[in-house]
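# Results of the structural survey
What follows is each chain in one-letter form.
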Amino acid sequence: QIALLPAMAWLLFAAWGGIALFVAATRRDAGSAIAWTSGLIVTSFVLDFLARVWSPVQWMRPLSLFTYYRPTDILQNGLSADPASLGVVAVAALAAAVGVFGRRDL
């Protein structure tokens, strides 16, 4: 089951990579694309952390991509629906990035 951990980490990175490509396709310069992507990643991480420790915002936890990568649960129970969630986000973000990039005026 330990081989599942890097596979799930790859799916998490692929999802963030797709989102980063989408953000980059909507921006004209690299600096703002990096800033927006970094902000989204940090916000998602903080949201996941706050939802774990503070019960009033626990309902928002599924909005964070970091929620779907839980190494201890993977080692103890195996995979659940988490790979599908991360895979759907990765493919949808990549498709949106290709669609937006195709309409850009370069």
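Before reading on, note that the structure itself is shown above.
Everything in this summary refers to the structure shown in the same document.

An ideal rise of 1.5 Å per residue puts 34 Å on 24 residues; helix H2 (residues 30–53) measures up with 35 Å between its terminal C-alpha atoms. Considered for burial, the residues of H2 that qualify are Ser32, Ala33, Thr37, Ser44, Leu47, Asp48 and Ala51. In this fold, the buried residues of H2 make contact with helix H1 (4–26).

This part is about the nonpolar core. Core analysis: the biggest nonpolar cluster contains 16 residues, and Met8, Leu12, Ala15, Trp16, Ile19, Leu65 and Leu86 have the highest contact counts within it. Of all the elements in the fold, those that place two or more residues in this core are H1 and helix H4 (82–102). With eight residues, the single largest contributor to this core is H1. Beyond its immediate sequence surroundings of up to four residues, Leu86 is in contact with Met8, Leu11, Leu12, Ala15, Leu65 and Tyr68.

Before going further, it helps to spend a moment on the environment of Leu79. Tracing the backbone shows Leu79 in the loop between helix H3 (71–77) and H4. Distance in space between the C-alpha atoms of Leu79 and Gln1 is 9.0 Å, their sequence separation being 78 residues. When residues no more than four places from it in sequence are discounted, the contact partners of Leu79 are Leu4, Met8 and Ile74.

Here we come to the packing of aromatic side chains. A full pass over the atoms with the stated rule returns two aromatic pairs. With a centroid separation of 5.5 Å and 90° between ring planes, the pair formed by Phe45 and Phe66 is classed as edge-to-face. Placement of Phe45 in helix H2 and of Phe66 in the loop between H2 and H3 is noted, with a sequence separation of 21 residues between them. Chaining the aromatic ring pairs together yields one cluster made of Trp16, Phe45 and Phe66.

Moving on: the environment of Ala97. With respect to the element layout, Ala97 can be found in helix H4. In this structure Ala97 comes out as buried when scored by relative accessible area, which is 7%. Residues Ala97 and Gln58 lie 39 residues apart in sequence; the distance between their C-alpha atoms is 30 Å. Ignoring sequence-local partners within four residues, the contact set of Ala97 consists of Leu21, Phe22 and Ala25.

Look at H1: 33 Å from first C-alpha to last across 23 residues, which is about the 33 Å you get at 1.5 Å a residue. For H1, every residue scored as buried is listed here: Leu5, Met8, Ala9, Leu11, Leu12, Ala15, Trp16, Gly18, Ile19, Val23 and Ala25.

About the thresholds
- Residues numbered from 1 in each chain as written.
- Predicted model: local features only at pLDDT ≥ 70, side-chain atom pairs only at ≥ 80, totals over all residues.
- Heavy atoms only, no water.
- Helix = DSSP H or I, 4+ residues; strand = E, 2+ residues; numbered from the N terminus.
- Expected span 1.5 Å × (residues − 1).
- Buried < 20%, exposed > 50% of the residue type's maximum accessible area, 1.4 Å probe, protein only.
- Contact = heavy atoms within 4.5 Å.
- Core = buried A, V, L, I, M, F, W, Y, C linked by side-chain atoms within 4.5 Å.
- Phe/Tyr/Trp six-rings, centres within 6.5 Å; stacked < 30°, edge-to-face > 60°.

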